[in-house]
Every structure is written in C-alpha cells, then in structure tokens.
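Descriptive analysis of the structure
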Amino acid sequence: MPETISVGDGTPLNGAAGSLLHASGTSTNSSITGTHEDEHGSDTEDASEDGQEGVEGYTVGSTGSGVVNGTDGEDEDDGDGEDDEDEEDEDEEDEEPTLKYERMTGPINDLLKKDSISAISVSNKLVAVGTHGGIVHVLDMTGKRIKSYKPHQASISDMEMDNTADFVATASIDGQVVIQSLSTQESYMFDMKRPIRTVALDPNFAKKGTRPFICGGLAGTLVLREKGWLGHKESVLHSGEGPIWNVRWRSHLIAWANDLGVKIYDTQSQTRITYIDRAPDSPRADLFKCTLHWQDDSTLLIAWADHIKVARVRARPRAANTSASSNLPPLLVEVTAALQLDCMISSILPHPMSHSAPTKENGSIASRTTLTSFLVLAYEPPDDFEDEMTDDPARQARKTAERPELRIISRTGEEYSADALNVTGYQSWGCNDYLLAEVDSGVNETDQCYIVASPKDIVFVRPRDRKDHIAWLVEHQRYEEALDETEKLGEDEQSSDSGGYRIDVVSIGERYLRYLVGEGDFVKAARLCPKVCGQDAKRWEDWIFVFAQSRNLQQAVIPFIPTEAPQLSHLVYEMILGYFINHDKEALLKTIREWPKSIYDIPSVIVAIQSELERIPMSSSLKPSSPDAVWLMECLADLYTANRQPGKALQYFLRLRRPNVFDLIREHSLFTDVKDQVLLLVEFDQELNGKREEEGIDTTQTRSEAISMLVDHTHSIPVDRVVQQLRARPFYLFLYLDDLFKKDQNLASDFADIQVKLFAEYATSRLVEYLRASSYYNLEAAYNICRGRDLVPEMVFLLGRMGNNKQALTLIIERIGDVQQAIEFAKEQNDDDLWEDLLKYSETRPTFIRGLLENVGAEIDPIRLIRRIKNGLEIPGLKEALIKILHDFQLQISLLEGCQRILNGDCSDLARVRQKGQNGGFFLSDKAVCPLCTDPLRRSPQDLLLLFLCRHIVHASCINGIDNLPRYIDAGLDVSLRVSPAHDLSAKIAFASVVRAKIIHGCPVCRRQGEGHVC
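Model, not experiment: these values are computed from the prediction.

Moving on, we come to helix H14 (residues 602-614). The terminal C-alpha atoms of H14 lie 18 Å apart, and with 13 residues this matches the ideal 18 Å at 1.5 Å per residue to within 8%. Taken as a whole, H14 has its buried residues at Ile602, Val605, Ile606, Ile609, Glu612 and Leu613. Buried residues in H14, looked at end-on, bunch into an arc of 130°, giving them a common side. Residues Val607 and Glu614 are exposed on H14 and point more than 90 degrees away from its buried face. Check the buried side of H14 and you find it contacts helix H12 (570-583), helix H13 (585-594), helix H15 (627-642) and helix H16 (646-655).

Written out as structure tokens, the structure reads:
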C-alpha cells in the first residue's frame, strides 16, 4: 500500500510520520500574447523563424517565499526573515492544497540505496526507472518490481516506453541506445560512439515492423533509425547546431531541442516546419535541461530554464499566390503562450483542472478550468549560481539547494498552488535531477496521476478529491463545511477505502461537537446532534449527559432529543423531565403531552411531580393558587390518564375545572370514584352554567350535567352519600332530590320531608305539585312548614289530605275567596256534608250562589240550590245563570233522546241480521267433521246430527247428558214413508223440543270456546 503523505502545514494525514509536502506561498503574475507567424519568408528556415515575430515574454514574478522548512531544513534568514515567514505560513495554513502525494514504497527503497534515478518513463500503469548505474527497473503502480535488467555500463540519460508498455528504449552516456521487449526476447542495441542524451520511439513502435526510433546526443546529430531488409537504416534529420538535449515524438511530428532552440519536424511531408529559439538571457543549455511534452497531436509544451512556451501546430492556410507558398511546409506553428517564472523548470505537464480549484482564504472556491493549466516541477537554484566562473573557491562551493516545488499555473500566469516537496536529500540535487511523468488516466479523470522522481524518491501526485477536501476541512477545524461536503458523497464513496482512508461522518460530527462544546456554543452543537448521532442510541445518551453536565439541557439539546428511531433509555427522558420539574413547569407539561408515554416510567415521574406539588403553598384545597401548581396538576392529570388511572386523575380535572371532566367520567365509568367528590363536581357544573349564562346561553331548560350523572348512576353513587355531601349546599341538594324524585319517587322517599322544605324554599310554585305527587312526607310536618310560610293553597291541600275538609274549605272561602276552587275541592272530596256546608255558606253570599249556579251538574241539584235562595236577596247575574241552567238541561234532554233513537235503530238492525242468518240455508259437505270428536259428520250408520243456530253441527252422541233420545225418521229422506207435510212439520217440532230440553247449556262448541252463547 502506498504511504500516506502529510499535506498543507506539515501535519501528517492518517497518522503518517513523515512530511513530504509543504505549502509554498509563491504567487505569480503574467500576461499572455498570441503570435502569428509571418508567412512571407523565402525559405523553410526563415519561415519558421518568423513565428517568433511579435511575441513578447512576460516574467512571472514572486511576491515572497512560503516554503515551510522540514525537520531536516536549515536556518535560511535572520530573525526578521523568520518572523515574515511565520506570518506567511499562518496565512497559507488556511489555503487548501490542490494535490496530494504518496511516496512509492516497497523494493524501490532497497534498489536505490546504492544507486539513484536518472530517467523515468510511464506507460500502461507500468513505471520504468533508469539509474545512474545503467540499470532499468520496471515496477507497477504499487511499487512491486516486475523486472530488472542492466542494458548499460554508465548512467542512463533518457528512456521511453511505447504505448503498449512492451518495449523500453534507453539512452546512455556510454553512447549506446538499447530497446528491450519486456514480454519477449526481442532486443536491439545500437552503439552511437558518442554519449546519447535522448531517445524517442515511434508512437506505433510495437505495431510497425520497421521499429523506428529517433535519438540524439553530444554528437549534435538527430538520427532516425528504422529496420530494413539489410539491417537498420539510419537517417539524419538534423545536425550542426550543438548537442541534442531532448526529443519527443507524437503522431507524425517530432520535436527536439538543441543549443539554439526547439525545432519540429513533420514525418509526413519530411520537412522541418518551425524553429523556436531560446530566450536571449537564458543560461547554458546543459545547466538546466529542456523539457518537451506533447499535450495533444498539435500542442507542444516547452519548458527550458525559467521560460515556458506553448506551441500550436496547424495547417497552413492557402495563400492567393500559390507560387510564393509552394516552397512552404504544409504546417505552421503558433506560439500561443510565453511565460517566464521566478524559478527554473525541471519538467512540465498539462494539468486538466476538471475539479474545483483550491479553497481561497475567504472560503470561496476558485472557478473551474479545463485543460488550460500547467503542472510545473520548479527548482529554485541558490542565489549565487551565476558565480560559478569565479576564482574564489568559497564562492565556487556547491550551495545547499531548496526543496523542489510542484506548481499549478494557468496559461494566463495565475498560480493556483505551489507545494514544496520534502524529497530525500533535496539539498544535494540540482534542477536536472528531478523528473516528472504522467500516468495514463484513460477516460476517467478521477484516476489522474503524476509521478515526481528524484534520485532517491518516487512520489505519486494526484489531484485531491472530495474526500481529501473533507479531510483537509476537518484538519483545519472547519467541521461544518466538512459535514456538508460529506452529505454530498454517496454511500459507496463514503465507505470506499480509496486514498487509504474512509470518510466517517460520525467521527467528523463528534469532533465538531467536541469543538463546539469546548467553545461554549451549545445551541449550535445541539442542532448538530441529530445529524451526528443519527440512529445510535448510545451516542445520543452520551452527548445528552455531556449537555446535562454543562447545565445546557433546555436551551440546547432537549428540542432535538429523539423519542423514537432511536428510543433512548428511560433514564434519559426521566432526567429531562426532572430538569423541567425543577426549572420550567410549563415546558414540563408541553413535553409530557408531546412525548410518547411509553418512553419513560410514568409512576416515577408522578411521584416526582407530586413531591414538587406538595412543596407549593395552596390557598384552597379545591382550586390551585399559583401557575406552577396549575402546570403540575395538568401534568398529573395527563399522566394518571395515560397510566390508565383516570380515577386518580379525576380530582385534578375537577380542581382544574376541565370542561371534559364529565366525558372522562362516562368514558371510564368513574362513578364510584366521584362518589366522594360530589360537591366539587356539582360546584364545577354550576360554574359552567354561570359562564354559559354570561355568554347569553339560556340554561333554564338545560338539565344539569352533574345532577343528571348523580341521578342516573345511583347504583354507583349512593343517594344517602350524595345527600350527606350536599347538605351544606341546600340549593344543590334541592336540584339533586328534585331530579331524583322525577326519575323514581321511591329513591327519594327517605328524604321527602327534606324535599318539602327545599321546595318551600327554592320552588314554592311547585310545592303543591310535589305534595300531590308524593305520599312519603309527613303531613303534619309539611303542614307546619306551609303554615310557617303562610302557603294557603298548600295548607288547603294538606288539610284535605288529612281529612279536615271543613277547615280546608274554610281556608278557601275565607283566605282565597275562590268559589271555583271551593267547588273543585268539594268535587275532589265527594262529600255530601261538604257540599251542604258550601251551600249553607253560600246562602248569604250572592257571588258564591252565582258561581254555584254556573257550575251546577251531577253534584249539585239546581232545585236544591234555588230553594236555598232567600227572598229579596239580590244576586247579580241571576237571570243569566238561570237561563244557562235551563239551556243546559234542555240540551241534556235533547242528547238523551238522540242517543235513545240511535240505540233503537242499532238494535233493530242487529235483530234483522240475526234472523236472516238463522233462517238461511246451510251447506254441508261430505268432508265436514264434528267439532267435538273431529270425526266426519256423514258416516254409516248415520248418527243423529244437531244443528245449532250458531251454525255448529255436532253428533248428538258427542253431547254429554243426551241419552235415550227417541228415534226420529225424516220422511223427506225415506221415500217409503208417505205422510202429510203438516204431520211431518209437527213431528220435527216435537222432536226439537225433546232435544232442547236435554241440552241445558246450549251449543257445546260455543261453550267450550268460552263464548257463552246459548243457541
């Protein structure tokens, strides 16, 4: 596994011990000027050189050095310089690196103990390393050695693998070029007689049978070699301008560099198409190597010393004068960018910025760029490297080198990032000792990778992905941003081990929580708990106890505590409720109503609340006197109800005046529980009625709900217990006994005397009604009550019921003076002596006489009354009264006569109907049966049949008491008998008389049926 390298400020990631990367504070500024080639040249050389006209190079300047020294670094500046560096380092700590680094581990470390890297090439996920000892090591991306061989006796100066990673070409200062196949025995060795500096294979080397390659070196000759029938053919493409320092082949274009500059050759047209010279002030060509890299088939990146140029190859446009352009090559080259850096360039590669650029200091993300930036391996030489020609030995001594830097620079010169690499022995290496190669990433840009090689190290360089960004945010305590980024990752991406580590959302969240708690931001920490703790009940409980210890429960974490999914220990919920009991009773009630009752122990909470309620002073045993007491009673009522103890909750509902208390009693049948709280229940009901009356609602016709409940459930709420509790409130007792009497008089029989007194007090108008309806009260006691209150009608009724009719009549006549009432009283008593007293009393009172005359009837004989009228007594309205009497008698006679006529007519009609029925014929069928014996009437021998006027026919033998009847022969049925009709009729009448005499009780069938008819 590759080792995880520390980034940014030198803090190792994932616990890695060594620090490879240090952030650099170098910032750059530059401009870019596009160029157009002059097409008016006369020959190929002139035409290619015209491409430089109008191109101006701009220097990318540095504003300061931000390289962080490692443990093996040396003091570089005085005290002031160190202070400046510290300030710059603090600024750079907030800037996220763009790249991440991993040092290759494995056999490579042992291979380089006595050797060092001089060249490197990467193809198809294989890394070929050439050493100063002339050895080639082929490794995979994990550092595993695939193959090693020694093609040279001296240092390998350059090497290249073909696209298939099967052939490896190496060039050495021993003057030889070796091409070796890794999978077969195919091998080629060419002795060029002079040190070779560079070699390049044809892009399709493995597919071409000619095996073409190109090389060059100190001989100054660029040679193209191809295999033919008679051996390898050698073609010189260029010579005479000094050593060939680098050559690269892409498609049909070959680019090389010599002391004068860079040239490009087109193998299709077999012409050199351009020449790009070196900068005038460039150092010696051999001091700082030239790097050539084809970004694509038409774009060449050139880095030499401290200059970068970008050359673009395109087809030459057709000119109007075809004769003038006939000698020009078909392609031309534009230098589209020219930059000068503040450092030397060891190597350069294109860097596609397909992901967001590093986070800036203000937390924003730089704009996205694509294939427009450079990845530069920069080297800062010692300040006095120009003094190498001095005669002073001290000044000629090699100075300690700086760490190499890997920079990302846009084509406009903007520096996105700069990372100083802490490679092994960097103090001893120069610019030409560092190498940079690109690993083929295919279509997936997320697998983009580079390799930085020093003589003793191989470092993998990859763009930082979102997981790396999250790790950096966590490292810099920007936890909120880290969590937001983590949420954007998919589950697979979070759980994958890519990069050597996994993203643990919970771990990040807990670190953030600890940070917030340490800063005292408990509110923000509480809001984070659901995201961090999730479904982990144990983690929830741990953090809740942390908040509890810090005394920040209510305003912080309580609103976010889960009650399900997950459900925590009941101790946690009880702790929170206990906190509310002591600090916030209103919040306690709200929480109890919102939380499920199953998550905590209800009896424990009830005990705690009752204990707190007992400590609150109460001004009344019936009503709460303080808001805290109200909240606590509400809590107890709800908890008792939830705990299926509505009987215990009832007292709190009553004290709290809950309108639904009656529904609660009925729903849970709490009638036995309310039997000792009758007064409280009735008082509450009366308060509700009072509120309704204040609201304008008529309650006179509404039955009291409490009284109705007490009356309807006397089996659960004994009457005597209710009466005992309501004695102190007589009006409530009157309401109860009144409803009880209406339901069943027997239930209130024991309290009839009390009820008489209550009616006399609260419903005098209904007392007579009660006295008439009830028979359970004591007459003497009732009379005394009425006499004490001078209730004359009630006294009259009681005197009448006691049998003292004369005294009662006297009260009516003397106290009331109502003749109608006197008459009615006399009618009720039906006492002739009472009528006599009334008539005697009326003899001297014309008003009473007239009243009696107007009410004469069956009880009063008008003649009897009229005879008592004294002569000369003036009676107002006597004439009208007499006329009324006469009219009433005439009407009565008329009604009697009418009724008589109706009765006579009805009797006549009924007699005719009967006669008709008796005289009518009767049909007797053969199937007719005797009602007494159920045998057929017609049988042989034929019995005597008796037909009654009720039309019942029976056998004569079936009637009890009929024996020894004379035989009767019907002459109408026997043809042998010839008698006269008169004699036959006489015989029938005589026989019927004999039979009738024996049948005493008439028709036996009717008698059996209970009709009682005598037929």
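Time to look at the pairing of strand S10 (residues 176-181). Within S10, 6 of the 6 residues are buried, leaving the element largely enclosed by the surrounding structure. Residues Gln176, Val178 and Gln180 line one face of S10 and the alternating positions Val177, Ile179 and Ser181 line the opposite face, and both faces are buried. Bridge analysis of strand S9 (residues 167-172) against S10 gives 5 bridges, and the strand direction is antiparallel. Across the sheet, Ala171 pairs through a bridge with Val177, a residue of S10. Hairpin connection from S9 to S10: 3 residues lie between these consecutive antiparallel strands, with Gly175 at a positive phi of about 90°.

One pass over the structure, following the stated rule, counts 3 cavities of 30 Å³ or more. Of the pockets and cavities examined, the largest cavity occupies roughly 120 Å³. Taken together, 13 residues form the lining of the largest cavity, with Asp277, Arg278, Ile302, Trp304 and Lys309 sitting closest to its centre. At the level of secondary structure, the elements contributing two or more residues to the lining of the largest cavity comprise strand S18 (261-266), strand S19 (271-277), strand S21 (299-304) and strand S22 (307-315). Split into classes, the residues belonging to the lining of the largest cavity amount to 7 nonpolar, 3 polar and 3 charged.

Strand order in the open sheet formed by 4 strands is S4-S5-S6-S7, and the pairing between neighbours is antiparallel. With one partner strand each, in any of the chains shown, strand S4 (117-123) and strand S7 (145-149) form the two edges of the open sheet. For this sheet the average axis-to-axis angle between neighbouring strands, irrespective of direction, equals 15°. Where strand S6 (residues 136-140) meets S7, 4 bridges bridge the pair, whose relative direction is antiparallel. Bridge pairing in S7 places Leu139 opposite Arg145.

By the criterion of burial, strand S13 (residues 213-217) is predominantly enclosed, with 5 of the 5 residues buried. Covered by surrounding structure in S13 are Phe213, Cys215 and Gly217 together with Ile214 and Gly216, the residues of both alternating faces. Note: S13 against strand S14 (residues 221-228), 3 bridges, orientation antiparallel. Residue Ile214 lies in a different strand from S14, and its bridge partner there is Leu224.

Over its 18 residues, helix H33 (residues 981-998) runs 26 Å from end to end, which matches the ideal 26 Å to within 8%, given 1.5 Å per residue. Of all the residues in H33, the buried ones are Asp984, Phe991 and Val995. Down the axis of H33, the buried set is contained in an arc of 40°. They therefore lie on one face. Exposed side chains of H33 directed beyond 90 degrees from the buried face belong to Ala982, Leu985, Ile989, Arg996 and Ala997. Looking at the buried residues of H33, the elements they touch are strand S31 (945-947).

Time to look at the confidence of the model for the protein. Averaged over the protein, the pLDDT score is 79; the fraction of residues at 70 or greater is 77%. Confidence drops under pLDDT 50 across residues 1-81; counting only partners more than four residues distant or on other chains, this segment forms 198 contacts. For residues 355-369, every residue scores under 50 in pLDDT, and the model assigns this stretch 30 contacts once sequence neighbours within four places are set aside.

Proteins that are soluble and globular tend to have nonpolar side chains buried together. Tyr600, Ile609, Tyr736 and Leu771 are the most contacted members of the largest nonpolar core, which has 129 residues in total. Broken down by element, this core gets its largest block of residues, 8 residues, from H15. Discounting residues that sit within four places of it in the chain, Tyr736 has contacts with Ile707, Leu710, Val711, Thr714, Val719, Val722, Val723 and Leu726. Membership of the second largest hydrophobic core comes to 25 residues, among which are Met344, Trp429, Leu436 and Tyr450.

With that settled, the discussion passes to the packing of helix H21 (residues 719-726) against helix H22 (residues 730-743). Helix packing for two helices is described by the angle between their axes and how far apart those axes are. Closest axis-to-axis distance for the H21/H22 pair is 8 Å, and the angle between their directions is 155°. On the basis of their axis angle, the class for H21 and H22 is roughly antiparallel. Residues Val719, Val722, Val723 and Leu726 of H21 lie in contact with H22, whose contacting residues are Pro730, Tyr732, Leu733, Tyr736, Leu737 and Leu740. Considered class by class, the residues forming the contact of H21 with H22 number 10 nonpolar, no polar and no charged.

With that settled, consider the packing of aromatic side chains. Throughout the structure, instances matching the rule amount to 18 aromatic pairs. Between Tyr379 and Tyr434, the ring centres sit 6.3 Å apart and the planes meet at 40°, which makes this aromatic pair tilted. Here Tyr379, found in strand S25 (residues 373-379), pairs with Tyr434, found in the loop between strand S27 (415-421) and strand S28 (435-439); they are 55 residues apart in sequence, far enough to count as distant. Comparing Tyr379 with Tyr434, the two get one shared label, buried. Between Phe731 and Tyr762, the ring centres sit 5.5 Å apart and the planes meet at 65°, which makes this aromatic pair edge-to-face. Pair noted here: Phe731 is in helix H22 and Tyr762 is in helix H23 (residues 752-762), with a separation of 31 residues, a long-range link. A residue is classified by how much of its surface remains accessible, and Phe731, at 35% relative accessible area, is partly exposed.

Turning our attention to the pattern of salt bridges. Tallying each qualifying case throughout the model produces 37 salt bridges. Of the charged contacts in the structure, one is a salt bridge between Arg103 and Asp457, with a shortest N-O distance of 3.3 Å. Taken together, the positions of Arg103 in strand S3 (residues 99-103) and Asp457 in strand S30 (residues 457-463) put the pair 354 residues apart, joining distant regions of the chain. A single burial state applies to Arg103 and to Asp457, both of which are buried. Residues Lys113 and Asp110 are paired through a salt bridge, measuring 3.3 Å at the closest nitrogen-oxygen approach.

Another point: the environment of Ile999. For Ile999, the position within the fold is in the loop between H33 and helix H34 (1004-1008). Once residues lying within four places of it in the same chain are set aside, the contact partners of Ile999 are Leu946, Phe948, Ile959 and Ile962.

Reading the values: rules and limits
Residues numbered from 1 in each chain as written. Predicted model: local features only at pLDDT ≥ 70, side-chain atom pairs only at ≥ 80, totals over all residues. Heavy atoms only, no water. Helix = DSSP H or I, 4+ residues; strand = E, 2+ residues; numbered from the N terminus. Expected span 1.5 Å × (residues − 1). Buried < 20%, exposed > 50% of the residue type's maximum accessible area, 1.4 Å probe, protein only. Arc of directions from axis to C-beta. Contact = heavy atoms within 4.5 Å. Pairing = 2+ DSSP bridges. 1 Å grid on protein atoms, 1.4 Å probe; cavity = no way out; pocket = protein on both sides within 12 Å on 5 of 7 lines; lining within 4 Å. Points joined across faces, edges and corners; volume = space filled by probe spheres on them. Nonpolar A, V, L, I, M, F, W, Y, C, P; charged D, E, K, R; others polar. Axes fitted to C-alpha atoms, helices over the stretch in contact; angles between N-to-C directions. pLDDT = per-residue confidence, 0-100. Core = buried A, V, L, I, M, F, W, Y, C linked by side-chain atoms within 4.5 Å. Parallel < 35°, antiparallel > 145°, perpendicular 65-115°, else oblique. Phe/Tyr/Trp six-rings, centres within 6.5 Å; stacked < 30°, edge-to-face > 60°. Salt bridge = Lys/Arg side-chain N within 4 Å of Asp/Glu carboxyl O.

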